[in-house]
Amino acid sequence: MTATNAEWTERYAGSLMNTFGPPKTVLVKGEGTHVWDADGREYVDLLGGIAVNALGHAHPRLVAAVTEQLQTLGHISNFFASGPQITLAERLAALLGTEARVFFTNSGTEANEAAFKLTRRTGRTRIVATEGSFHGRTMGALALTSKPAYREPFEPLPGDVVFVPYGDVAALEAAVDHDTAAVLVEPVQGEAGVIVPPRGYLPAAQRIAHENGALLWLDEIQTGVGRMGTWFAHQNPALVDAPVVPDIVTLAKGLAGGIPIGACLATHGSGKLLDPGNHGTTFGGNPVAAAAALAVLDVIEDDDLLAHATAQGERLRKAAAADPRVVETRGAGLLVGLTLTEPKAAEVVTSAQDAGFLINAATPERIRMAPPLNLADVDLDAFAAAWAGILDQAGVGA
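Just so it is clear, the model here is predicted, and its values are computed rather than measured. (Residues numbered from 1 in each chain as written. Predicted model: local features only at pLDDT ≥ 70, side-chain atom pairs only at ≥ 80, totals over all residues. Heavy atoms only, no water.)

Asker: Looking at this structure, I do not really get the pattern of salt bridges. What am I missing?
Answerer: Working definition: two side chains of opposite charge can pair if their charged atoms are close together. With the rule as written, the count across this model stands at 15 salt bridges. With its nearest N and O atoms 2.9 Å apart, the salt bridge here joins aspartate 323 to arginine 325. Accessibility assignment for this pair places aspartate 323 and arginine 325 in one class, buried. Linking glutamate 365 and arginine 366 is a salt bridge whose minimum nitrogen-to-oxygen distance equals 3.8 Å. A single salt-bridge network, built from bridges that share partners, covers Arg91, Asp298 and Glu301. (Salt bridge = Lys/Arg side-chain N within 4 Å of Asp/Glu carboxyl O. Buried < 20%, exposed > 50% of the residue type's maximum accessible area, 1.4 Å probe, protein only.)

Asker: Would you mind showing me how to read the packing of aromatic side chains here?
Answerer: Centre distance and the angle of the planes are the two values used to describe a pair of aromatic rings. By the definition in use, this model includes 4 aromatic pairs. Consider the rings of phenylalanine 357 and phenylalanine 383, whose centres lie 5.5 Å apart with planes at 75 degrees: the pair is edge-to-face. Of this pair, phenylalanine 357 sits in strand S13 (residues 357–358) while phenylalanine 383 sits in helix H13 (residues 377–394), and the two are 26 residues apart along the sequence. With respect to class, phenylalanine 357 is no different from phenylalanine 383; both count as buried. Above the plane of the ring of tryptophan 36 lies lysine 29, whose end atom (NZ or CZ) is 4.9 Å from the centre. (Phe/Tyr/Trp six-rings, centres within 6.5 Å; stacked < 30°, edge-to-face > 60°. Helix = DSSP H or I, 4+ residues; strand = E, 2+ residues; numbered from the N terminus. Lys NZ or Arg CZ within 6 Å of the ring centre and 35° of its normal.)

Asker: It is not clear to me how unusual backbone geometry should be interpreted in this structure. Could you clarify?
Answerer: For residues other than glycine, phi is negative in most cases, and the peptide bonds are mostly trans. Backbone torsion omega between glutamate 155 and proline 156 reads 10 degrees, so that peptide bond is classified as cis. The topology assignment puts proline 156 in the loop between helix H7 (148–151) and strand S6 (161–164). With a phi close to 65 degrees, valine 194 is a non-glycine residue in the positive phi region. In this structure, histidine 268 takes a positive phi of about 50 degrees despite not being glycine.

Asker: What is the right way to read the sheet that holds strand S5 (residues 126–130) from this model?
Answerer: Pairing between the strands of a sheet is mediated by backbone hydrogen bonds and can be parallel or antiparallel. Taken in spatial order, the 7 strands line up as S4-S10-S9-S8-S7-S5-S6 in an open sheet, and their pairing is mixed. Sheet topology places strand S4 (100–105) and S6 at the edges, where each strand pairs with a single neighbour. For this sheet, the mean angle separating the axes of adjacent strands, direction not counted, is 20 degrees. Two strands pair when backbone bridges link them, and strand S9 (residues 248–251) and strand S10 (residues 262–267) are joined in this way by 4 bridges, in the antiparallel orientation. By the bridge assignment, isoleucine 248 is partnered in S10 with alanine 266. Docked against the sheet, helix H4 (residues 83–96) engages S4, S9 and S10, running at close to 125 degrees with respect to S4. Each of S5, strand S7 (180–185) and strand S8 (215–219) touches helix H9 (residues 201–211); the most contacted strand, S8, lies at about 145 degrees to it. (Pairing = 2+ DSSP bridges. Axes fitted to C-alpha atoms, helices over the stretch in contact; angles between N-to-C directions. Contact = heavy atoms within 4.5 Å.)

Asker: Would you mind going over the pairing of strand S2 (residues 34–37) with me for this structure?
Answerer: Remark: a regular strand shows side chains that alternate across the two faces of the sheet. In S2, alternate side chains face the same way, and those of His34 and Trp36 on one face and Val35 and Asp37 on the other are all buried. By the bridge criterion, 4 bridges tie strand S1 (residues 27–31) to S2 in an arrangement that is antiparallel. Across the sheet, residue glutamate 31 finds its bridge partner in S2, namely histidine 34. What sits between the antiparallel neighbours S1 and S2 is a turn of 2 residues, in which glycine 32 has the positive phi angle 65 degrees.

Asker: I'm lost on the packing of helix H12 (residues 345–354) against H13 in this one. Help?
Answerer: Think of two packed helices as two axes; the pair is described by the angle between the axes and how far apart they sit. Here H12 crosses H13 at 125 degrees, and the two axes come no closer than 8 Å. It follows that H12 is oblique to H13 by the angle criterion. At the point where H12 passes H13, the crossing takes the right-handed sense. Along its contact with H12, which presents Glu347, Val348, Ser351, Ala352 and Asp354, the element H13 presents Trp387, Gly389, Ile390, Leu391, Gln393 and Ala394. (Parallel < 35°, antiparallel > 145°, perpendicular 65-115°, else oblique. Left-handed = near helix turned anticlockwise from the far one by under 90°.)

Asker: Even after reading the chapter, I still don't get the packing of H4 against helix H10 (residues 287–302), so can you show me in this structure?
Answerer: The interhelical angle for the contact between H4 and H10, taken along N-to-C directions, is 40 degrees, at an axis separation of 8 Å. The orientation of H4 relative to H10 falls into the category oblique. In terms of crossing hand, the pair formed by H4 and H10 is left-handed. For the pair H4 and H10, the contacting residues are Pro84, Gln85, Thr87, Leu88, Arg91, Leu92 and Leu95 in the first and Pro287, Ala290, Ala291, Ala293, Leu294, Leu297, Asp298 and Glu301 in the second. Classifying every residue of the contact of H4 with H10 by side-chain character gives 10 nonpolar, 2 polar and 3 charged. (Nonpolar A, V, L, I, M, F, W, Y, C, P; charged D, E, K, R; others polar.)

Asker: Can you walk me through the sheet that holds S13 in this structure?
Answerer: The strand order across the open sheet formed by 4 strands is S1-S2-S3-S13, and the pairing between neighbours is mixed. A strand with exactly one partner marks an edge of an open sheet, and here the two such strands are S1 and S13.

Asker: Can you walk me through the nonpolar core in this structure?
Answerer: A general trend in soluble globular proteins is that nonpolar side chains are found buried together. The biggest cluster of nonpolar side chains holds 62 residues, and the ones touching the most others in it are Val348 and Trp387. With 10 residues, H10 is the largest single contributor of residues to this core. Apart from the residues within four sequence positions on either side, tryptophan 387 is in contact with Ala319, Ala320, Asp323, Val326, Leu338, Val348 and Ile359. Judged by nonpolar contacts, the second largest core, of 21 residues, contains Ala171, Val183, Ala209 and Leu216. (Core = buried A, V, L, I, M, F, W, Y, C linked by side-chain atoms within 4.5 Å.)

Asker: I keep staring at empty space enclosed by the protein and nothing clicks. Help me out?
Answerer: Once rolled over the atoms, a probe with the size of a water molecule shows which space is left empty. Tallied over the full model, the rule gives 2 cavities of 30 Å³ or more. His75, Ile76, Asn78, Phe80, Ala81, Ser82, Gln85, Thr282, Phe283, Gly284, Gly285 and Asn286 together form the lining of the largest cavity. Here the residues of the lining of the largest cavity sort into 4 nonpolar, 8 polar and no charged. Considered as a void within the structure, the second largest cavity measures approximately 30 Å³ in volume. Lining the second largest cavity are Ala51, Ala54, Ile221, Gln222, Gly224, Val225, Arg227 and Gly254. Of the residues in the lining of the second largest cavity, the class split is 4 nonpolar, 3 polar and 1 charged. (1 Å grid on protein atoms, 1.4 Å probe; cavity = no way out; pocket = protein on both sides within 12 Å on 5 of 7 lines; lining within 4 Å. Points joined across faces, edges and corners; volume = space filled by probe spheres on them.)

Set out below in structure tokens:
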């Protein structure tokens, strides 16, 4: 007999560590942009596993790629190489548009760990990061994350990290010097609620880093792989006013459409800083994960999902902003941030779920949405029609 939501939740509480709190519901099935819970309720997934399910759920080409690869070669150690691993590395470098070498991982935080170690190979130790940043939960990545509530219970963390206000060029210029190994920036801050810096910020960060002999490290874990309407957010002309060529780029989330993967890309000479024995991984570059990522990249190209994400993101922001209780919309492509008139984001998330939509409260007053890149008109229209009622039920005032 199939368990109910309540039964699953009780079992969850008794068997899993309480790191996430009680689950909002227990999901059992997904298809396209829709998911179903254990009680049979259907939802439109406008969160996409927090920007992970780039193609939605159970996309046939992703399922086929994983199935075929598992039937061919499931796992090998990194004493050996596989075709999917090598092909994916070449493909990512081509999308980045410059010479690059890749280290594959299982997640975003591990990609940032690899990048952090790579910066130490410059002979310098100082990292200049930004306030409001989120780079992961492992001890190294946590040292680069600014939120005190995440950091303080685990201090002391790896040191020599300085935080400056996000989007502030003058603060970067004051903080970066000839002892700085890298400047670490998210092109758009996702965890903080989709915060977009001024258009000249990333080019200025590149200039400041390179004038001081430091590396420019862009964390594109949430913003990369087409999420913002271009392969990488730093390539989007709506977000930057001049070309940016980072020395390090970290990726994960949407890269394999739900199969765990991460990647640290290092361009030009940076790609040669790590030598044999400097770093390693058991599952990074796994043939199945690499095959999944190649399928995701193929579908994005074949179905023109970069243009689709751009258009649907504009429609989604416009639909949300039609209600005066949304005072600001932010982002590009299908990474969407909303600011409410009052700090009731958690209530709005609950109200949206009651109405059949999954969204996220990034901060008390900010909503984040990151739906699949193939979000259909019918689902977007349904959300637009329900939005005012969602805000009503949540008690958001004008």
